[in-house]
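A look at the structure
What follows is the residue order along each chain.
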Amino acid sequence: MASTWGAYAGRLLAELGADVVVVEPPGGHFTRTYGPFAGDRAHPDRSLWWWFYNSSKRSVVLDLEGADGRDHFRQLVGAADIVLEGELPGRLADAGLDHADFAGSRPELIWTSVTSHGRASPRSSEPWTDLTMMAASGVAWMNGYDDHSLPPMRGRGYHALQIAGVHAAMATLTALAYRDVSGVGQHVDVSAFAAGNVTTEYGTVLHLVAGQTAQRQTGRHAAVQPTMEVQVRAADGRYVTTGFPPQEAKDFQVLLAWLDELGLRESCPEVFFLEIGIERGGINVARDFDDPEVVAIFAAVRTALVHVATHLPAVEFFEGAQQRDLQCGIVYSPEEAFENHHFVARGFQVPVAHEELGRVVRYPGAPFQMGASPWGIRRRPPLVGEHTAEVLGEWPEGPCITLPPHVRSGGG
Amino acid sequence: MTPTSRSNRGGRRREAGAGPTALGHLTICDLSGQLAGAGATRYLAAFGARVIRVEDPVRQGRWDIIRGVMPHVDERRGIELGGGFNNHNVEKLGVTINLRSERGKDLLRRLVEVSDVVTENFAAGVMARMGFSYEDLRSIREDIIYVSNSGFGHSGPYSTYKTFGPVVQAACGLTFGVGAPDAAPAGWGFSYMDHMGANLMVVALLAAVAHRNRTGEGQWVDMSCTEAGLGLTGPDLLDYTVNDRPLRRPGRPDSNHSDQPPMAPHGIYPTCEEDRWVAIACRDDRDWAAFAGVCGEPWVAEPGYTTVAGRLAGEADIDRYVAGWTSGRSRRAVAGALSAAGVPAAAVALPEDRIDHDADSDAWGLYPLAHHPEIGSVRVDGVPAHLSETDWHIERGAPLLGQHNREVFCELIGLGEDEFSALAREGVF
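Just so it is clear, the structure is predicted and the values come from calculations on it, not from any experiment.

1. What about the overall build of chain B?
In terms of helices and strands, chain B carries 17 helices and 12 strands. With respect to the principal axes defined by its C-alpha atoms, chain B has extents near 85 × 55 × 45 Å. Burial analysis of chain B (429 residues in total) assigns 63% to the buried set. Once local pairs closer than 6 in sequence are excluded, the contacts in chain B between residues at least 24 apart make up 69%.

Put into structure tokens, the structure is as follows:
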């Protein structure tokens, strides 16, 4: 069923090859009103938000307020392996269309509900948005600037929905793995709030283990005590990240040679400490954090990297560092990464024909490359109700589930 | 409530040994680590998969940089005492194998023979150089599922580049998307792509299991964490490919505002408490009217603000007014009053708010207690999904180095006592 919380999970399953039919109300689901729009013309079939989260699905429009719509919904559920929905708790039950209404006759059915706080929580009936969920679940607390007069930050890209969505896909596939060996389906209850909660890495662990609170910092991990800056503005004004500075003598030598190559040795007094670091055969800052010389060498390595970064365009710094086996990074914008020669070489740009617009649109490609059962965009995102007649004619009145042979034969 | 008084509610629907597990039929030979790999196999282990974590005895498992490092529960330090490692490796078995030796490689081959899946997140090429490419693994077990998670994947110009979470999320466009307008990127204050990489690794792995169940065929999954991350940048990327509108443009990323769907006010605002914040999202004119009713300050009566277009045009002013209003109140008071009026609003939760003082986290059993032989009992991350028939269960902490050598090598693989002792003497594990 079309939803905000479940849309990404449905797309993941569709692009793994499932026949995903997205059920929408008459006129189309409200997320079709989310822009941006193709050509900036607002229209339910031109929503790029809809496109992004609904590629590879087919669309069926059903009016669940009416008897016919409910009958057709029962037909679809009756034939499905999996139901994935993000409805407010109670809405489907009121219509007699909830998991409990089907579980008796369809014990092998997998039914995944994605809500803000889980089906049993009263908070799941309240309105939530990506922003308020990022705030409530603790993700936003982790992101922001050294300057704490600026607020914590969420990220662009509807990550609360994507975090909940990927967990819905994981849990659904877990239930499927169990059904493959047992023939038994079940209900899967996914909470977006819980999903955000377990997606803060050290934010949670620091508190659970040591009762400490991570504080946000610019361009690097939130930490209890301020840590060294790692994000640097390169010579062309774009940003790079020096990462965690290297500690081995060979890396110090590489860095010295790079400074020489660029004619930067003279302007970099930290060279002195790099040379000491080489004489010492490298450092171990985690072990020797109370040795002032080790700390000075560690800081000098970072300063030397910053010195190189500020004298080179961002891409030259990033590729130059990595070619020297130094683990540095670059802050690409999404479109820069998308057009980058590495991503292009791996086929990440996927052309999808939008014949209704007479054009081909490039989509982001596979999150992972699978050798035998490849990920793929099966079809462009559906127009409102494009496949209603097709699917209702095609899906039988009765189960057509795809249990593996050993389960069908009663083994396993 | 102290950690030890907390019941292990994550497993409330399935106590240990009570009823079937979802993934108890799967054995995972797990060479992965940190969070990007370990986070994936921890999920499988919580649903009952037999996850056997293989570590290097020579370096005491230090390839996983999280092993032994902070945070710690007390003043003790050591390779077994890292709090993050314990969190990321619950419910796994731990073995050690020295893969520099031929005997060690033989032992790993015997482990692969009895495994459904091999997982790893080394830099590209490491496994092949050790003699465990997909073709090698397949020659050991024809239907093996082999899942690799690396920064840039196993092909392409950047395939040899080395990464960790912050480098991955910077290179794939995610870091760029977090920040104030026209400012330096704020980025993610944690390894977001370690989490999402691990999550997508689970999706790929279970999809491969489903494929094997239907065809008998195994496969190799080459996951590039940067590609996985670029796929999470959302509709902004299509705005570029369809409308030629790059995200690197003036006024962006402005990530606390909502370009789409257009909402105003929409942001994170200060409160009367130092560095405490509240998020507010007025989705439409009805939310605005409700907000205006709760706020009640004179400025909300500005006629231009009754439409979303008008509010967007005056967004800078509105943000200032809203901040002025919230600055005199606590985050809970603002969030409570607006939520009660039907306007999406939430306090920006500190870890203690959502972990220790939240009815939903409690009811969910979101932070179960795990027991580690040396660290002791400590709460860990739970799983944000409950399965009605085969729910997850987390009770056992991370394994000690080689803790389960005997159990795995003798009982699972079938080494005899003499062979086990001989290999131990030779330093194979």
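2. Some details on the pattern of salt bridges
Residue and element names in this part refer to chain A. Enumeration according to the criterion identifies 62 salt bridges over all chains in this entry. A salt bridge links Arg287 to Asp288, with the nearest nitrogen and oxygen atoms 3.0 Å apart. The exposed category is assigned to Arg287, whose relative accessible area is 57%.

3. A short note on the domain arrangement of chain A
What the domain assignment reports for chain A is domain 1 (7–200 + 382–408) and domain 2 (228–331). Averaged C-alpha coordinates put domain 1 of chain A and domain 2 of chain A at centres separated by 47 Å.

4. Some points on the interface of chain B and chain A
With 147 residues of chain B at the contact, the number on the chain A side is 145 residues. Across the pair B:Glu227 and A:Arg346 runs a salt bridge, and its minimum N-O distance is 2.7 Å. At the junction of chain B and chain A, the tally comes to 67 residue pairs in polar contact (both at pLDDT 80 or more). Partitioned by chemical class, the residues of the side of chain B that touches chain A number 79 nonpolar, 46 polar and 22 charged.

5. Examining the pairing of strand E7 (residues 220–223) of chain A
All names here are of chain A. Summarising the sheet, strand E6 (residues 215–217) and E7 pair through two bridges and their orientation is antiparallel. Bridging across to E7, Gln217 finds its partner in Arg220. Connecting E6 to the antiparallel partner E7 that follows it, the hairpin turn spans two residues, and Gly219 within it adopts a positive phi of roughly 65 degrees.

The rules behind each value
- Residues numbered from 1 in each chain as written.
- Chains lettered and ligands numbered in written order.
- Predicted model: local features only at pLDDT ≥ 70, side-chain atom pairs only at ≥ 80, totals over all residues.
- Heavy atoms only, no water.
- Helix = DSSP H or I, 4+ residues; strand = E, 2+ residues; numbered from the N terminus.
- Buried < 20%, exposed > 50% of the residue type's maximum accessible area, 1.4 Å probe, protein only.
- Contact = heavy atoms within 4.5 Å.
- Salt bridge = Lys/Arg side-chain N within 4 Å of Asp/Glu carboxyl O.
- Domains from an automatic or database assignment.
- Polar contact = N/O pair within 3.5 Å; in protein donor to acceptor, adjacent residues only side chain to side chain.
- Nonpolar A, V, L, I, M, F, W, Y, C, P; charged D, E, K, R; others polar.
- Pairing = 2+ DSSP bridges.

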